[in-house]
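Observations on the three-dimensional arrangement
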Amino acid sequence: MKKSLKILGIIILLILIIGIIGFVYINSSGIPKYETVHIEYTAKSDSASIKRGKKLVTLLCANCHKNPETGKLTGVLMREAPAEFGEIYSQNITQDKTYGIGNWTDGEILYLLRTGVKKDGQYAPPYMAKVPTMADEDVNAIIAFLRSNDPMIAADATPDTPSKPSFLTKFLCHVAWKPFPMPTEKINLPDTTQTIELGKYLANNLECFSCHSADFKTNNFLKPELSEGYFGGGNSPLDTEGRVKKTPNLTPDKETGIGNWTKMQFIKAVRFGIVDGQHALTYPMVPYTQLTDTEVAAIYEYLKTIPPIKNKVERSIYDE
């Protein structure tokens, strides 16, 4: 009996030692780095691609990177990031050659957007939007806009504020969150006459699912439909005061989702933040005025096709 207890004690001690070593290693090494791949790529730029790129950057990037005082994408504290991920700052993505991405090649920007790996090899955790399944034409448009003369991305010498990722973030980056593979085949835009296909493309590539599924930690960006609680809501981003704002259920469940919503109600909510004449959206969800009625209607039609999830998300008392 004593021998068995001694052996058990040794095993427990070894597990504790291994755990401590692992903790020290992960905490001290931080976010992992990966070997970078050189890609020969030059974005095709014209007025149409720049206009499309501005729309996508405004929808995907500006909420996190835009300084509200200057209107430039110089990076800010990402107040909506759950505290469990640490103190997270977005980076300067203006054309400044020292502090922004002015010295990045189009290929380096493409590689970051597709895989999540920066030019120095460091991995960008999931709180930075990535586009592993976005159409090639749209990714090209984003890069074309970032190379344009738009004031939003004009060179600005604002230094980055280093993020302070939590141990959880570092741990997940070592064991679960990994860079995405570069696409090996062309990814085409959806046929805009196929409403549900278009809606699925927008809902997934604008990362609507990321906030409206169960948890940022269990999202699947390569196959969004496999995310835990896909569009069932309950995720926990923060508002500007650091208060948890549970995301609503957008599945077609009639009791707890949008099963009883009309298409027009959905369009008004998404584009203008209004439901039945009342204010409906609060930060971090903002009105998507850049989307057209047709695009939001397509998202609605797609959401009506996904499996309903019964998940009642109580509205925060400070929403009013």
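So, a few notes on the structure that sits alongside this text. (Residues numbered from 1 in each chain as written. Predicted model: local features only at pLDDT ≥ 70, side-chain atom pairs only at ≥ 80, totals over all residues. Heavy atoms only, no water.)

1. Side note on the overall build of the chain
Regarding its fold elements, the chain presents ten helices and four strands. In the chain, the succession of α and β elements from N to C terminus is α-α-α-β-α-α-β-α-α-α-α-β-β-α. Expressed as a percentage of its 320 residues, the buried residues of the chain come to 44%. Element-wise, carbon and sulfur atoms account for 58% of the exposed surface of the chain, whose accessible area totals about 17100 Å². (Helix = DSSP H or I, 4+ residues; strand = E, 2+ residues; numbered from the N terminus. Buried < 20%, exposed > 50% of the residue type's maximum accessible area, 1.4 Å probe, protein only. Areas by Shrake-Rupley, 256 points an atom, 1.4 Å probe, with all protein chains shown as cover.)

2. Things to note about helix H9 (residues 263-272)
Given 3.6 residues to a turn, an α-helix orients residues that are three or four positions apart in the same direction. Inspection of H9 places Phe-266, Ile-267, Ala-269, Val-270 and Arg-271 among the buried residues, and these make up the whole buried set. Of the surrounding elements, those touching the buried residues of H9 are strand E3 (274-275) and helix H10 (293-303). Where H9 terminates, the next one or two residues include Gly-273, which has phi positive at roughly 70 degrees. (Contact = heavy atoms within 4.5 Å.)

3. Notes on empty space enclosed by the protein
This model, assessed by the stated rule, comprises two cavities of 30 Å³ or more. Approximately 50 Å³ is the volume attributed to the largest cavity. Lys-130, Val-131, Pro-132, Thr-133, Asn-204, Asn-205, Glu-207, Phe-209 and Phe-221 are the residues that line the largest cavity. Looking at side-chain class alone, the lining of the largest cavity contains four nonpolar, three polar and two charged residues. Size it by volume and the second largest cavity reaches roughly 40 Å³. (1 Å grid on protein atoms, 1.4 Å probe; cavity = no way out; pocket = protein on both sides within 12 Å on 5 of 7 lines; lining within 4 Å. Points joined across faces, edges and corners; volume = space filled by probe spheres on them. Nonpolar A, V, L, I, M, F, W, Y, C, P; charged D, E, K, R; others polar.)

Limitation: the analysis is restricted to geometry and does not speak to function.
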